[in-house]
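Residue strings, one per chain:
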Amino acid sequence: MGYDVFVSYSSKQRKVADALVHALESARIGCWIAPRDIRVGEQYPEAIMRGLRETKLTLFIASTESMSSRWCCNEVTTTVSLNHPVVPCRIDDCE
């Protein structure tokens, strides 16, 4: 299965991210999620860029933690610069 969706999330929401990936992949929607899809020996930043380029959109799991994460911010910013859509999924009372 190829990748359709890049999943951006705070590591504190790993269980939520895994549940969403499972649901999407059960519907045959391919997901790229770290650390699962980082190749052995691949540097983390390069892997994230590869994942963003290989997907069609980013599912941003919006939470208080992800909204303050520089990594998540970089992923969303890169998604926008690639002209890919960002689909937010808000899971708490973050702004």
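Residues numbered from 1 in each chain as written. Predicted model: local features only at pLDDT ≥ 70, side-chain atom pairs only at ≥ 80, totals over all residues. Heavy atoms only, no water.

1. A closer look at the nonpolar core
Just so we agree on the cut-off: Put simply, a nonpolar core is a bunch of buried Ala, Val, Leu, Ile, Met, Phe, Trp, Tyr and Cys residues held in one set by side-chain atoms that sit within 4.5 Å of each other. Burial classes follow relative accessibility: with a 1.4 Å probe on protein chains only, a residue under 20% of its type's maximum area counts as buried, one over 50% as exposed, and anything between as partly exposed. Numbering of helices and strands starts at the N terminus; helices are DSSP runs of H or I of at least 4 residues and strands are runs of E of at least 2.
With nine residues, the main nonpolar core is built from V5, V7, Y9, A17, V21, C31, I33, L59 and I61. Where this core is concerned, the elements lending two or more residues are strand 1 (5–8), helix 1 (14–26) and strand 3 (57–62). The next biggest cluster of nonpolar side chains, apart from the first, holds seven residues, and it includes F6, W32, A47 and L52.

2. Regarding the packing of helix 2 (residues 44–54) against helix 4 (residues 70–81)
Basically, it comes down to this: Think of each axis as a best-fit line through the C-alpha atoms, taken over the contacting stretch in the case of a helix, with angles from 0 to 180 degrees between the N-to-C directions. Roughly parallel means an angle under 35 degrees; roughly antiparallel, over 145; roughly perpendicular, 65 to 115; everything else is oblique. We call a crossing left-handed when the near helix sits turned anticlockwise from the far one by less than a right angle, and right-handed when that turn is clockwise. Contacts between residues were defined by any pair of non-hydrogen atoms, one from each residue, lying within 4.5 Å. Classification convention: Asp, Glu, Lys, Arg as charged; Ala, Val, Leu, Ile, Met, Phe, Trp, Tyr, Cys, Pro as nonpolar; all other residues, Gly among them, as polar.
Remark: helix 2 packs on helix 4, axes separated minimally by 10 Å, with the N-to-C direction vectors making an angle of 40°. One element, helix 2, and the other, helix 4, form an angle in the oblique class. As helix 2 packs across helix 4, the resulting crossing turns out to be right-handed. Across the interface between the two elements, I48, M49 and L52 from helix 2 touch E75, T78 and T79 from helix 4. For the contact of helix 2 with helix 4, the class distribution of residues is three nonpolar, two polar and one charged.

3. Some thoughts on the confidence of the model for the protein
Quick reminder of the rule: Residue-level confidence of the predictor is what pLDDT reports, using numbers from 0 through 100.
Scored by pLDDT, the protein has a mean of 94; 99% of the residues are at 70 or more. Model confidence for the protein, summarised as mean pLDDT per element, is weakest for helix 3 (residues 64–67) at 94 and strongest for strand 1 at 98.

4. Remarks on the layout of surface pockets
Going by this rule: Buriedness for pockets is judged along seven lines, at least five of which must meet protein on both sides within 12 Å for an open set on the 1 Å grid over protein atoms alone, while cavities are sets there where a 1.4 Å probe fits but cannot get out, and lining residues have an atom within 4 Å of a point. Grid points are joined across faces, edges and corners, and a volume is the space filled by probe spheres set on the points.
Looking at the largest pocket, its volume works out to about 240 Å³. Lining of the largest pocket is provided by 14 residues; of these, Y9, S11, Y44, W71 and E75 occupy positions nearest its centre. Of all elements in the fold, only strand 1, helix 2 and helix 4 reach the threshold of two or more residues within the lining of the largest pocket. Tallied by class, residues from the lining of the largest pocket come to nine nonpolar, four polar and one charged.

5. Digging into helix 1
The line we're drawing: A helix is expected to span 1.5 Å for every residue after the first.
Its 13 residues give helix 1 an end-to-end C-alpha distance of 18 Å, which sits within 8% of 18 Å, the value for a rise of 1.5 Å per residue. Immediately beyond the C-terminal end of helix 1, within one or two residues, lies R28, with a positive phi of roughly 65°.

6. Section: the pattern of salt bridges
Counted only if it meets this: By definition, a salt bridge exists where a carboxyl oxygen of Asp or Glu is found within 4 Å of a side-chain nitrogen of Lys or Arg.
Per the stated rule, a full pass over the model turns up seven salt bridges. In this structure, D4 and K56 form a salt bridge, with 3.2 Å as the shortest nitrogen-oxygen distance. Of this pair, D4 sits in the segment before strand 1 while K56 sits in the loop between helix 2 and strand 3, and the two are 52 residues apart along the sequence. R36 is the partner of E25 in a salt bridge, and the nearest nitrogen-oxygen pair spans 2.9 Å. Linking E25 in helix 1 with R36 in the loop between strand 2 (31–32) and helix 2, this pair joins segments that are 11 residues apart in sequence.

7. Observations regarding unusual backbone geometry
For the bond from A34 to P35, the omega torsion is 0°, close enough to zero to count as cis. Residue position: P35 is located in the loop between strand 2 and helix 2. Located in the positive-phi region is R28, a residue other than glycine, with phi close to 65°. Within the fold, R28 resides in the loop between helix 1 and strand 2.

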